[in-house]
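# Survey of secondary and tertiary structure
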There are 2 protein chains.
Amino acid sequence: MAKKTPADLLITECGELLTMGNARNGPRTGADLAQLDIVNNASIAVRDGRIVWLGQHPEDDIELCPGGVELSAAGAVVSPGLVDAHTHPVFAATREMEFEMRALGKSYSQIAAAGGGIIVSVASLRKAGHGELLALARPRLDRMLRHGTTTIEAKSGYGLNVEDEIKTLEVIRILNETHPLDLVPTVLAGHEFPPEYRDDRDGYVRLITEEILPAVARRNLAEFSDVFFEEGVFNREQTIVVQKKAKALGLGLKFHADEITDQGGAALAAQMNAISADHLECISDNGIRQLAAAGVLAVLLPGTAYYLDLPQRPPVRKMIQAGVPVALATDCNPGSCMTESMQMVLNLACVIYKMTPAEAFVAATTNAAYAINRGREIGILSVGRRADLVIWDAENYRQVPYHFGVNLARVVIKKGKVVS
Amino acid sequence: MAKKTPADLLITECGELLTMGNARNGPRTGADLAQLDIVNNASIAVRDGRIVWLGQHPEDDIELCPGGVELSAAGAVVSPGLVDAHTHPVFAATREMEFEMRALGKSYSQIAAAGGGIIVSVASLRKAGHGELLALARPRLDRMLRHGTTTIEAKSGYGLNVEDEIKTLEVIRILNETHPLDLVPTVLAGHEFPPEYRDDRDGYVRLITEEILPAVARRNLAEFSDVFFEEGVFNREQTIVVQKKAKALGLGLKFHADEITDQGGAALAAQMNAISADHLECISDNGIRQLAAAGVLAVLLPGTAYYLDLPQRPPVRKMIQAGVPVALATDCNPGSCMTESMQMVLNLACVIYKMTPAEAFVAATTNAAYAINRGREIGILSVGRRADLVIWDAENYRQVPYHFGVNLARVVIKKGKVVS
């Protein structure tokens with residue numbers, strides 16, 4: 001009799017185990033975006049936080065270690081933990097007054113004139129200490145985890161000076177070390193121009209390249225650098241200067257691209273070998289071609305398009321058909337999308353971006369993992385990968401995006417431990 | 001020293017107690033729709049399921065009965081329990097395949113041709129017994145309660161014959177008797193034409209008036225009668241025949257009105273003295289005037305407009321300005337809006353219907369209660385009313401609609417008991 005594989009966690013009776021185990025490596029594109037590689041009536045075994053076995057008939061292959069846990073999924077759907085590839089979770093003030101002003105029909109510029117916008121978040125974050133920011137961020141991460149998200153990207157961008165960008169990224173580091181969720185840090189010093197540089201924009205660009213980015217890199221506080229490339233925010237030249245410096249310091253590149261107007265942001269992201277271009281509500285056909293050719297992930301944020309009730313929706317079907325690898329994220333932030341729930345984003349992706357439930361699942365797991373350079377660790381269920389798993393209150397995977405506004409994550413498992 | 005009022009529940013430290021206690025009786029209209037009548041730093045005392053006192057300094061006025069509970073809201077918002085004035089919570093099959101077909105761009109008629117639509121729900125409900133329907137509905141009601149809804153209207157309409165309409169309404173009665181949530185039953189035999197009457201529509205109208213409605217009334221199984229008055233469903237004459245009979249049997253009237261096309265449904269509802277006209281995505285100016293003049297509640301269902309991604313949005317601001325009393329509901333059903341969460345509806349009302357957070361709260365409590373003839377029992381916090389309450393994870397009321405996709409109901413109280 002063959003020796004059995006020892007496991008400290010065994011989940012049995014998975015009605016649908018979404019392995020996403022498509023043989024092709026790298027982010028999924030085209031028809032592959034809808035390939036969930038479902039195993040029915042499956043079990044999955046975990047040891048030391050990693051998947052050691054999956055298949056049917058675990059009694060033939062698996063023996064539970066002493067103290068190990070066996071958990072029945074009772075016929076439910078089991079998927080990889082959701083990956084949220086674009087968030088701004090460290091902030092102080094909430095901004096519900098702007099939410100009301102938008103309902104009253106106020107424009108972005110009217111809200112800014114009334115003292116609203118990113119600058120509200122900058123003022124309140126600068127006043128807050130590490131402890132306050134940690135205390136405010138933790139319940140947000142708890143909510144993410146409770147809704148099935150097991151890894152997030154987390155941006156700075158409300159500090160906009162050396163001290164407060166560093167403070168934000170230190171908070172992200174502490175959260176990563178102390179919270180079950182994994183956080184992948186991005187420095188977004190180029191989120192907006194701070195008030196003290198309103199009349200010296202190039203001076204702020206110099207502050208970023210000469211002080212903020214080097215200080216961040218020296219402390220090893222970020223994996224990626226992001227810039228809000230948009231009319232009235234960072235122009236093309238300023239964006240290029242910041243991202244060239246970031247690249248020279250060894251950071252990967254992300255872009256807030258073509259959100260409100262088509263600035264050629266997607267094409268620039270492709271030319272600079274970014275890992276992702278995010279938002280893309282106004283992406284051009286040329287931008288689509290360039291992302292596809294360069295294999296740059298398009299991180300779509302339907303929650304923001306919904307929350308701001310944007311008139312324009314990105315050409316998502318065209319992007320998928322052109323071979324752009326599409327990922328999803330919440331954009332969780334206090335101004336333009338106050339939600340922690342990737343489940344909500346799965347629903348929004350189907351309802352307003354017309355992705356199928358299968359495409360949305362791949363975009364929120366496998367591809368989202370690639371969008372933060374974790375594609376070989378998470379986002380797929382196969383032997384050797386991290387055991388980040390969700391048991392869903394659903395009989396089939398389509399029910400997860402279909403059933404919205406409530407939490408369908410029954411059990412959330414992070415690195416082999418039940419965390420929610 | 002004055003005698004103190006005895007209480008079996010005392011909630012202290014309500015940062016904002018939304019009393020909705022506007023001195024005017026009846027549903028709120030115009031500027032009154034935004035009047036929350038907030039008491040800050042308030043307490044609220046309950047005995048035998050009813051509010052016995054509210055105000056500041058409870059130590060001067062209230063004494064807790066032996067075994068009574070004191071609960072601190074710790075500065076949070078406390079509001080009346082949400083009231084969901086339009087739901088279809090008793091169904092068997094889920095319909096996630098139609099959700100996917102819509103994402104793929106299939107039209108209503110293509111989905112129907114592929115075997116989808118209400119008729120799927122009819123076929124599966126007819127096969128299910130009372131026990132199965134109860135077991136399926138209970139978790140839905142649990143989710144409603146958990147998200148802060150304490151009373152719902154519940155429609156039949158997937159039976160479409162005597163036996164199965166009665167069965168559905170019996171299930172609703174049993175749920176009302178056994179679940180903490182209060183359910184107000186509506187017979188919706190006029191939801192669609194059943195397959196066996198496809199070629200004899202007037203025959204089905206006769207079945208409704210001669211058999212279904214009398215059987216329902218005899219058993220006292222419904223308070224309201226509703227009809228789906230729409231092109232291709234019940235025409236004006238059929239709708240009038242059904243509702244006249246319902247009225248003669250002592251039922252209140254509701255209408256699915258002007259949802260997909262303007263049929264003059266709002267005006268008909270006003271002429272027939274309905275309690276509410278629901279949906280109204282395509283309401284005309286005349287319809288608005290008539291609802292306002294007759295004081296008929298407009299029950300808006302932004303979840304459905306969102307879920308079906310309808311091109312047209314109702315003229316909500318015009319309705320409010322014209323003096324139409326506006327209420328909100330989920331429309332919870334397996335085809336066109338699979339959510340139990342009125343919190344989600346608060347957010348949708350602000351984002352896509354441009355209601356303010358205050359208007360949305362009144363529409364989801366006070367006015368929703370009037371839309372189901374419970375305006376003197378619930379939906380307002382004042383002495384003598386039912387103690388249906390929610391303590392929210394929010395510092396101010398705007399944060400509840402602002403923060404979406406997650407559950408902010410921290411404690412839900414039904415008739416003075418903590419139920420979630």
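Residues numbered from 1 in each chain as written. Chains lettered and ligands numbered in written order. Predicted model: local features only at pLDDT ≥ 70, side-chain atom pairs only at ≥ 80, totals over all residues. Heavy atoms only, no water.

## Some points on a negative patch on the surface
All names here are of chain A. Residues Asp 199, Asp 200, Asp 202 and Glu 237 make up a contiguous surface patch of negative charge. With respect to the helices, strands and loops of the structure, Glu 237 is situated in helix 8 (residues 236-248). The exposure class of Glu 237 is exposed, given its relative accessible area of 62%. (Patch = residues over 30% accessible without salt bridge, like charges linked within 9 Å, V, L, I, M, F, W, Y side chains within 5 Å. Areas by Shrake-Rupley, 256 points an atom, 1.4 Å probe, with all protein chains shown as cover. Salt bridge = Lys/Arg side-chain N within 4 Å of Asp/Glu carboxyl O. Lys, Arg positive; Asp, Glu negative; His and termini not counted. Charge placed at Lys NZ, Arg CZ, Asp CG, Glu CD. Helix = DSSP H or I, 4+ residues; strand = E, 2+ residues; numbered from the N terminus. Buried < 20%, exposed > 50% of the residue type's maximum accessible area, 1.4 Å probe, protein only.)

## Here's the deal with empty space enclosed by the protein
Counted by the stated rule, this structure contains 3 cavities of 30 Å³ or more. Taken as a whole, the largest cavity encloses approximately 60 Å³ of empty space. Along its surface, the largest cavity is lined by A:Cys350, A:Val351, A:Lys354, B:Phe99, B:Arg102, B:Ala103, B:Tyr307, B:Leu308 and B:Asp309. Of all elements in the fold, only helix 13 (342-351) of chain A together with helix 2 (96-103) of chain B reach the threshold of two or more residues within the lining of the largest cavity. (1 Å grid on protein atoms, 1.4 Å probe; cavity = no way out; pocket = protein on both sides within 12 Å on 5 of 7 lines; lining within 4 Å. Points joined across faces, edges and corners; volume = space filled by probe spheres on them.)

## Regarding the packing of aromatic side chains
Residues and elements named next belong to chain A. For the coordinates displayed, the defined rule picks out 21 aromatic pairs over all chains. Residues Phe 361 and Tyr 397 carry aromatic rings whose centres are separated by 6.4 Å and whose planes lie at 75 degrees to one another, so their mutual orientation is edge-to-face. Of this pair, Phe 361 sits in helix 14 (residues 357-363) while Tyr 397 is found in the loop between strand 14 (389-392) and helix 16 (399-402), placing the two residues 36 residues apart along the sequence. With relative accessibility at 0%, the residue Phe 361 sits in the buried group. (Phe/Tyr/Trp six-rings, centres within 6.5 Å; stacked < 30°, edge-to-face > 60°.)

## Brief notes about the relation of the copies chain A and chain B
Relative to chain B, chain A is turned by 180 degrees and slid 0.0 Å along the rotation axis, the superposed coordinates differing by an RMSD of 0.0 Å. Such a turn and shift between the copies fits a two-fold axis. No C-alpha of chain A approaches the rotation axis more nearly than that of A:Gly405, which lies at 2.6 Å. Both copies present the same face, since 100% of the interface residues in chain A are matched by interface residues at the equivalent positions in chain B. (Least-squares fit on C-alpha atoms with pLDDT ≥ 70 in both. Contact = heavy atoms within 4.5 Å.)

## Quick word on the domain arrangement of chain A
Residue and element names in this part refer to chain A. Parsing chain A into structural domains produces domain 1 (5-81 + 380-418) and domain 2 (82-370). Placing the centre of domain 1 and that of domain 2 at their C-alpha centroids yields a distance of 29 Å. Taken together, the contact pairs 34 residues of domain 1 with 31 residues of domain 2. In total, domain 1 and domain 2 occlude about 2600 Å² of area from one another, counting both sides; carbon and sulfur atoms represent 67% of this. (Domains from an automatic or database assignment. Buried area = accessible area lost by both parts, 1.4 Å probe.)

## Observations concerning the packing of helix 7 (residues 201-218) of chain B against helix 8 (residues 236-248) of chain B
Residue and element names in this part refer to chain B. Put simply, helix 7 and helix 8 touch, their axes get as near as 10 Å, and they point 10 degrees apart. What the angle tells us is that helix 7 and helix 8 run roughly parallel. Only Gln 238, Val 241, Val 242, Lys 245 and Ala 246 of helix 8 make contact with helix 7, whose side of the interface consists of Arg 201, Asp 202, Val 205, Ile 208, Thr 209, Leu 213 and Pro 214. Across the contact of helix 7 with helix 8, the residue classes break down as 7 nonpolar, 2 polar and 3 charged. (Axes fitted to C-alpha atoms, helices over the stretch in contact; angles between N-to-C directions. Parallel < 35°, antiparallel > 145°, perpendicular 65-115°, else oblique. Nonpolar A, V, L, I, M, F, W, Y, C, P; charged D, E, K, R; others polar.)

## Describing the pattern of salt bridges
Counted according to the given criterion, the structure contains 38 salt bridges over all chains. A salt bridge links A:Arg50 to A:Glu377; the nearest nitrogen and oxygen atoms lie 3.3 Å apart. Remark: A:Glu377 occurs in the loop between helix 15 (366-370) and strand 14 and A:Arg50 occurs in strand 3 (residues 50-55); sequence separation between them is 327 residues. Across the pair B:Glu340 and B:Arg143 runs a salt bridge whose closest N-O atoms are separated by 2.8 Å. With B:Glu340 in the loop between strand 13 (326-328) and helix 13 (342-351) and B:Arg143 in helix 5 (residues 130-146), this residue pair connects regions lying 197 residues apart in the sequence.

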